Amino acid sequence: QVQLAESGGGLVQFGGSLRLSCAASGTIFSINYMGWHRQAPGNPRELVATATSGGITNYAESVKGRFTISRDNAKNTVYLQMNSLKPEDTAVYYCYAGVTGTRFGPVRSYWGQGTQVTVSS
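Residues numbered from 1 in each chain as written. Predicted model: local features only at pLDDT ≥ 70, side-chain atom pairs only at ≥ 80, totals over all residues. Heavy atoms only, no water.

Caption draft 1: Structural view of the nonpolar core. Residues Trp36, Leu80, Met82 and Tyr93 are the most contacted members of the largest nonpolar core, which totals 31 residues. Counting residues per element, the ones that place at least two in this core are strand S1 (2-7), strand S3 (18-26), strand S4 (30-39), strand S5 (46-52), strand S7 (67-72), strand S8 (77-82), strand S9 (91-100) and strand S11 (115-120). The greatest single-element share of this core, amounting to five residues, is contributed by S9. With residues up to four places along the chain from it excluded, the contact list for Tyr93 reads Glu6, Leu20, Trp36, His37, Arg38, Val48, Phe67, Leu80, Met82, Gly114, Thr115 and Val117. (Core = buried A, V, L, I, M, F, W, Y, C linked by side-chain atoms within 4.5 Å. Buried < 20%, exposed > 50% of the residue type's maximum accessible area, 1.4 Å probe, protein only. Helix = DSSP H or I, 4+ residues; strand = E, 2+ residues; numbered from the N terminus. Contact = heavy atoms within 4.5 Å.)

Written as structure tokens, this is what we have:
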């Protein structure tokens, strides 16, 4: 089993910054990808950003140029630096990871419990 522990959410004013962190623990051989989704009330969950173990990153168009995803592979941790925040960024942010537990095992997806980000205008 793998657990994802998120931190860093909170309340921030329009134009402010927050940094989210997510640390994976448990039975981990490798983490193929880590990233963030978000879900605002009444909306479906949407991809925010993903980072592969090889350093390839992918962002939603709505956050490009404002958010930066990074990983510390030694710590099994992914970060999301969010700058120039807007009220429409308000959502619950969920960390997720694709993990293999053994060398030749399958990749399984895991999710964190979510952390609230609220941007006031």
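Caption draft 2: Expanded view of the pattern of salt bridges. Summed over the entire model, instances satisfying the criterion amount to four salt bridges. As a salt-bridge pair, Arg38 and Glu46 come within 2.7 Å of each other at their nearest N and O atoms. A relative accessible area of 6% places Arg38 in the buried class. A relative accessible area of 35% means that Glu46 is categorised as partly exposed. For the salt bridge of Arg66 with Asp89, the shortest nitrogen-to-oxygen distance reads 2.8 Å. Here Arg66, found in the loop between strand S6 (57-59) and S7, pairs with Asp89, found in the loop between S8 and S9; they are 23 residues apart in sequence, far enough to count as distant. One exposure class covers both Arg66 and Asp89, and it is buried. (Salt bridge = Lys/Arg side-chain N within 4 Å of Asp/Glu carboxyl O.)

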